[in-house]
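# Fold and geometry: a report
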Amino acid sequence: MKRYTYYIILLLAMFTTSCSNSEFEYSSYQCQFRFDNTASRSAALASAMNVDAPGIFCHIAMTGNYFTFTTNQGLSDRVTMSAIEEEATIILGLYNGTGIIVGYGNAGYPFTFYAYDSQCPNCYKNTSLPRYTLTMNTDGTAQCGSCNRKYDMNNGGLVISGDNGDKMIRYRAFIMGNVLSVNNI
């Protein structure tokens, strides 16, 4: 009897650990971005990288030799690429023209640092066209102007209003000092 109890417990442990959704937390789409914000190159990005200010998200876009950083609180700045950044391979999500969104969510403690694609995941999934850019709101949500879904950036990018659907496309990201790294390759 003891032997069967051991196997039943082992079998239950295998099912509960293997049925996790952790493999679906991050997208398989490519994203590669590294930015050293030393010497306050971008106040907008610094505000989103501040763990003591959760709920501030920063949209990052690239045009020519410039990065544009815009927060959901209205702060915006434009920064010239450094020589190192000009030589680096930069992939800002599904479509370089629309960029990514980063910031600490304020749901739960410790606060989680998120990096999302700025494309609506559901409209992109239905059309494969990168023209459905999400608009950030001051309350930490992002909304699609096409399907009208609203996503909670503070809580993993879940759909909170509109039709059911996929959560926001998420990339691996971390901060080390003043350096932001988003890498999903």
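Residues numbered from 1 in each chain as written. Predicted model: local features only at pLDDT ≥ 70, side-chain atom pairs only at ≥ 80, totals over all residues. Heavy atoms only, no water.

As a further point, take the confidence of the model for the protein chain. Confidence in the prediction of the protein chain, expressed as mean pLDDT, is 88, and 88% of residues score 70 or more. Low pLDDT, under 50, characterises residues 2-22; the predicted model gives this stretch 0 contacts beyond four residues in sequence or across chains. (pLDDT = per-residue confidence, 0-100. Contact = heavy atoms within 4.5 Å.)

What follows deals with the packing of aromatic side chains. Evaluation of the coordinates by the stated rule reveals 9 aromatic pairs. Each ring, one from Tyr114 and one from Tyr116, has its centre 5.3 Å from the other, and the planes form 15°; the classification is stacked. Taken individually, Tyr114 and Tyr116 each receive the classification buried, so the pair is uniform in this respect. Of the aromatic side chains, those joined through ring pairs into one cluster are Phe33, Phe35, Phe67 and Phe69. (Phe/Tyr/Trp six-rings, centres within 6.5 Å; stacked < 30°, edge-to-face > 60°. Buried < 20%, exposed > 50% of the residue type's maximum accessible area, 1.4 Å probe, protein only.)

With that out of the way, let us pick up the pairing of strand S13 (residues 179-183). In terms of burial, S13 is a largely internal element, 4 of the 5 residues being buried. One ladder, built from 5 bridges, connects strand S1 (residues 32-36) with S13; its direction is antiparallel. Among the inter-strand pairings, Asp36 is bridged to a residue of S13, identified as Val179. Sheet analysis places strand S12 (residues 173-176) next to S13, joined by 4 bridges and oriented antiparallel. (Helix = DSSP H or I, 4+ residues; strand = E, 2+ residues; numbered from the N terminus. Pairing = 2+ DSSP bridges.)

As a further point, take the sheet that holds strand S3 (residues 66-71). The 6 strands are arranged S4-S3-S2-S5-S6-S11 in an open sheet whose pairing can be described as antiparallel. A strand with exactly one partner marks an edge of an open sheet, and here the two such strands are strand S4 (76-80) and strand S11 (170-171). Where strand S5 (residues 100-104) lies against strand S6 (residues 113-117), 5 bridges are found, and the strand directions are antiparallel. Across the sheet, residue Ile100 finds its bridge partner in S6, namely Asp117.

Before going further, it helps to spend a moment on the pairing of strand S10 (residues 158-161). Bridge count for strand S9 (residues 150-152) against S10 is 3 bridges, and the pairing is antiparallel. Looking at S10, one finds that Asp152 is bridged to Leu158. Between S9 and S10, which follow one another and run antiparallel, lie 5 residues, and Gly156 among them has a positive phi close to 75°.

With 26 residues, the main nonpolar core has Phe33, Ile60 and Val102 as its most contacted residues. Secondary structure elements with two or more residues in this core: S1, helix H2 (43-48), strand S2 (57-63), S3, S5, S6 and S13. If we ignore the near neighbours within four places in the chain, the residues touching Val102 are Leu45, Ala48, Ile56, Phe57, Cys58, Ile60, Phe113, Tyr114, Ala115, Leu180 and Val182. The next biggest cluster of nonpolar side chains, apart from the first, holds 14 residues, and it includes Tyr116, Cys123, Ala142 and Met168. (Core = buried A, V, L, I, M, F, W, Y, C linked by side-chain atoms within 4.5 Å.)

This brings us to the environment of Asn137. Turning to its location among the elements, Asn137 is positioned in the loop between strand S7 (134-136) and strand S8 (141-144). What makes Asn137 partly exposed here is its relative accessible area of 22%. With 64 residues separating them along the chain, Asn137 and Gln73 place their C-alpha atoms 7.8 Å apart. Apart from the residues lying within four places of it in its own chain, the contact partners of Asn137 are Asn72, Ala142, Gln143 and Lys150.

Now for the pattern of salt bridges. Under the criterion given, the structure shown has 3 salt bridges. Arg41 is the salt-bridge partner of Glu85, the closest N and O atoms lying 2.9 Å from each other. Of this pair, Glu85 sits in helix H3 (residues 83-87) while Arg41 sits in the loop between S1 and H2, placing them 44 residues apart in sequence. You can call Glu85 buried: its relative accessible area is 6%. Across the pair Asp166 and Lys125 runs a salt bridge whose closest N-O atoms are separated by 3.1 Å. Residue Asp166 is found in the loop between S10 and S11, and its partner Lys125 is found in helix H4 (residues 121-127); the two are separated by 41 residues along the sequence. (Salt bridge = Lys/Arg side-chain N within 4 Å of Asp/Glu carboxyl O.)

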